[in-house]
Amino acid sequence: MLEVLEHVPNPTQTLQEIKRVLKPNAKYFLAVPQEKSLITLQGILIKLFNFYPSNQTAGHLHFWTQKELEILLQQNRFKIISKNYSQHYLWQIIGMTYMLLLLLTKKQTQELSQHVSQNKSFLSALIQYCIKLLILATNLESILLKKSPHGLDIQLVCQPQK
């Protein structure tokens with residue numbers, strides 16, 4: 001489940017349903033932002049200013065630290081087999097800038113993307129090219145730093161316990 005658990009009203013109920021439908025010895029892959037962690041830009045904004053930008057721009061209902069997410073999984077009897085991290089420093093700066101742009105323009109992600117892609121100006125073409133370069137750079141950063149816990153996203157491989 002990629003980037004879903006933070007959007008569901010009841011994560012415990014969702015995890016219990018996942019556990020119920022998984023086949024014996026199956027593994028569960030989970031990717032979730034650790035937005036409350038003070039090692040992330042969003043965590044700092046939440047702690048210092050009680051400001052939740054991804055709540056307003058991405059519809060997140062839940063915000064976790066790595067420890068809180070691990071406790072949630074343990075309470076629902078999932079064993080964590082492995083951990084990786086993504087969306088490190090460059091990604092966080094770009095993402096925070098993008099969220100602030102959305103808030104300032106009062107647009108949703110889809111509206112802003114459509115505006116840039118439908119506009120045929122040189123500036124829009126340049127923006128699209130820069131976006132592709134930034135995506136390449138942030139993906140490279142995530143590959144190089146996948147074991148560094150300073151990423152916004154944590155990816156876990158879990159297995160249900162009886």
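Thresholds applied
Residues numbered from 1 in each chain as written. Predicted model: local features only at pLDDT ≥ 70, side-chain atom pairs only at ≥ 80, totals over all residues. Heavy atoms only, no water. Helix = DSSP H or I, 4+ residues; strand = E, 2+ residues; numbered from the N terminus. Buried < 20%, exposed > 50% of the residue type's maximum accessible area, 1.4 Å probe, protein only. Contact = heavy atoms within 4.5 Å. Patch = residues over 30% accessible without salt bridge, like charges linked within 9 Å, V, L, I, M, F, W, Y side chains within 5 Å. Areas by Shrake-Rupley, 256 points an atom, 1.4 Å probe, with all protein chains shown as cover. Salt bridge = Lys/Arg side-chain N within 4 Å of Asp/Glu carboxyl O. Axes fitted to C-alpha atoms, helices over the stretch in contact; angles between N-to-C directions. Parallel < 35°, antiparallel > 145°, perpendicular 65-115°, else oblique. Nonpolar A, V, L, I, M, F, W, Y, C, P; charged D, E, K, R; others polar.

Caption draft 1: Spotlight on the overall build of the chain. A tally of regular secondary structure across the chain gives 7 helices and 3 strands. When the helices and strands of the chain are read in sequence order from the N terminus, they spell out α-β-α-α-α-β-α-α-α-β. On the principal axes, the C-alpha backbone points of the chain span a range of 60 × 30 × 30 Å. Evaluated residue by residue, the chain yields a buried proportion of 36% over its 162 residues. Considering only intrachain contacts with a sequence separation of at least 6, the fraction spanning at least 24 residues in the chain is 81%.

Caption draft 2: Representation of a nonpolar patch on the surface in the model. Nonpolar side chains collect at one region of the surface, where Phe122, Leu123, Leu126, Ile127, Tyr129, Ile131, Leu133, Ile135 and Leu136 lie side by side and expose about 910 Å² of accessible area between them. In this fold, isoleucine 127 is placed in helix H7 (residues 122-144). Note on isoleucine 127: relative accessible area 33%, which makes it partly exposed.

Caption draft 3: Spotlight on the packing of helix H5 (residues 89-105) against H7. H7 packs onto H5 with a crossing angle of 140 degrees between their chain directions and a minimal axis gap of 8 Å. It follows that H5 is oblique to H7 by the angle criterion. Between H5, through Tyr89, Leu90, Trp91 and Ile94, and H7, the contact on the second element is made entirely by Leu134, Ala137, Thr138 and Glu141. Each residue belonging to the contact of H5 with H7 can be placed in one class, and the counts come to 6 nonpolar, 1 polar and 1 charged.

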